[in-house]
Amino acid sequence: MAELTTVPGSRFPLEGASDADIGVNAQLSYTLSPNEHFGLDLQRAEEYRESLFLVLTKPLDRETLPVHRLVLTASDGGRPPLTGTMELVISVLDANDNAPQFNQSVYKVQLPESAAEGTLVARVNATDSDLGSNGDMTFAASNTFPPKGIDNFILNTKSGEIHLTGSLDFEDVRSYEIQIEATDKGTPPLSGHCKKSMREHYTVSSILNGFGECK
Ligand SMILES: [Ca+2]
Ligand SMILES: [Ca+2]
Ligand SMILES: [Ca+2]
C-alpha cells in the first residue's frame, strides 16, 4: 500500500477462512489484533458467501511505520469456539511527502581577504526522510547578493560544497549573501522555500542562507 495516496476508507479484499463443519459450528467471525490503522468489514451476500475486507481507518506514513504486522483470527460458532490465525504483513510504499530540510537555516562564514582561489568556503547539508530518489537531492544557488558575487563562488550541486573561485576585495564588497535551495528528485520534486536573510560586516565575509522548510 502506498502512503499518502491510500486514503482512509480504502478497502482490500482478504481471503476468508473456511470451516469443514456445518451450521453454527461453521459460522466464522473475525477479529484483528489491536492496531491504529486497520479495521475489518465482513459482508455476507448469501448465507454461505461472505467477503472479508481489510479497511484502512487512518492515513499511512512510511516515515513513522514502514511495515504493519497484524494478526487475523477466525473463530467458529461452536462451543467452545475453535480459532485459526493468520499473519498479515503490510508494507507501506514511499511517496515523496517530505521536502529537504537544511540542518541550519543560516550558515555564516568569515574569510580573510587574502583567501586563495579554490578555498572551501562552506558545506551546506540537508536531509530528506523519504526513500531513494524521493530523498536524493541537489543544491542550487537561487540568488546571490551582490549579484556579481556569483562569479566569486561555485556551488557543487551534489555535495553542497562552496568554493571560492575569484578573489575577494574588502574595499569593494564586505559581505556576500548566497541563497541556496535543496530540491529532491521525487515526482513532483519538493524543495524548501523559507527565506532567512542576514547581512553583517566582517573583514570580508560571505553569508550563506539556506532555505529550510517553512513551518
Ligand atoms: Ca510520510
Ligand atoms: Ca515518504
Ligand atoms: Ca522528499
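Residues numbered from 1 in each chain as written. Chains lettered and ligands numbered in written order. Predicted model: local features only at pLDDT ≥ 70, side-chain atom pairs only at ≥ 80, totals over all residues. Heavy atoms only, no water.

The chain is annotated in an unreviewed UniProt entry as Cadherin domain-containing protein of Patagioenas fasciata monilis.

Caption draft 1: Highlighting the coordination of the calcium ion (ligand 1). With distances of 2.0 to 3.1 Å, the protein atoms coordinating the calcium ion (ligand 1) are E3 (OE), D61 (OD), E63 (OE), D97 (OD) and D97 (OD). Here the calcium ion (ligand 2) and the calcium ion (ligand 1) are spaced 3.9 Å from one another, each receiving a donor from E3. Placement of E3 in the segment before β1 (11-14) and of D61 in the loop between β4 (49-56) and β5 (67-75) is noted, with a sequence separation of 58 residues between them. What makes E3 buried here is its relative accessible area of 0%. Under the relative-accessibility criterion, D61 is labelled partly exposed at 29%. (Donors = N, O, S within 2.8 Å, 3.2 Å for Na, K, Ca; no water. Helix = DSSP H or I, 4+ residues; strand = E, 2+ residues; numbered from the N terminus. Buried < 20%, exposed > 50% of the residue type's maximum accessible area, 1.4 Å probe, protein only.)

Caption draft 2: A look at the confidence of the model for the chain. Across the chain, the average pLDDT comes to 83, with 87% of residues at or above 70. Predicted confidence in the chain is weakest over strand β15 (residues 204-210), with a mean pLDDT of 47, and strongest over β5, with 95. Counting contacts from residues 193-206, a segment whose pLDDT is below 50, to residues more than four positions away or on other chains yields 56 contacts. Considering only residues more than four positions removed or in separate chains, one finds that residues 209-215, a stretch of pLDDT under 50, has 33 contacts. (pLDDT = per-residue confidence, 0-100. Contact = heavy atoms within 4.5 Å.)

Caption draft 3: Examining the packing of aromatic side chains more closely. A complete count under the given rule lists 2 aromatic pairs for this structure. Seen in terms of ring centroids, F153 and Y176 are 5.2 Å apart; in terms of plane orientation they differ by 75 degrees. Their pairing is edge-to-face. Taken as a pair, F153 in strand β12 (residues 153-155) and Y176 in strand β14 (residues 175-184) lie far apart in primary sequence, 23 residues in all. The ring centre of F53 lies 4.3 Å from the NZ or CZ of R11, which sits over that ring. (Phe/Tyr/Trp six-rings, centres within 6.5 Å; stacked < 30°, edge-to-face > 60°. Lys NZ or Arg CZ within 6 Å of the ring centre and 35° of its normal.)

Caption draft 4: Just the sheet that holds strand β9 (residues 120-123), in detail. As summarised here, the arrangement of the 3 strands in space is β9-β13-β12, forming an open sheet in which the pairing is antiparallel. On the outer flanks of this sheet lie β9 and β12, each paired with one strand and no other. Pairs of neighbouring strands in the sheet enclose a mean axial angle of 20 degrees, with direction left out of account. Alignment of β12 against strand β13 (residues 161-164), held across 3 bridges, turns out to be antiparallel. Within the sheet, the bridge partner assigned to L155 lies in β13 and is I162. (Pairing = 2+ DSSP bridges. Axes fitted to C-alpha atoms, helices over the stretch in contact; angles between N-to-C directions.)

Caption draft 5: Looking closely at the coordination of the calcium ion (ligand 2). Of the protein atoms, only E3 (OE), E63 (OE), E63 (OE), D94 (OD), A95 (O), D97 (OD) and D130 (OD) coordinate the calcium ion (ligand 2), at distances of 2.2 to 2.9 Å. Motif for the calcium ion (ligand 2), donor spacing along one chain: E-x59-E-x30-D-A-x1-D-x32-D.

Caption draft 6: Representation of the sheet that holds strand β2 (residues 29-32) in the model. Strand order in the open sheet formed by 3 strands is β2-β5-β6, and the pairing between neighbours is antiparallel. The sheet terminates laterally at β2 and β6 (83-91), the two strands that pair on one side only. Averaged over all pairs of adjacent strands, the angle between their axes in this sheet comes to 25 degrees, without regard to strand direction. Where β2 lies against β5, 4 bridges are found, and the strand directions are antiparallel. Bridged to S29 within β5 is S75.

Caption draft 7: How the structure looks around the nonpolar core. F102, V121, F139, F153 and I180 are the most contacted members of the largest nonpolar core, which totals 21 residues. Every element with two or more residues in this core is listed here: β8 (106-111), β9, β11 (137-145), β12, β13 and β14. If one sorts the elements of this core by residue count, β14 sits on top with 4 residues. Core analysis: the next-biggest nonpolar cluster, separate from the first, contains 15 residues, L14, L32, L56 and A74 among them. (Core = buried A, V, L, I, M, F, W, Y, C linked by side-chain atoms within 4.5 Å.)

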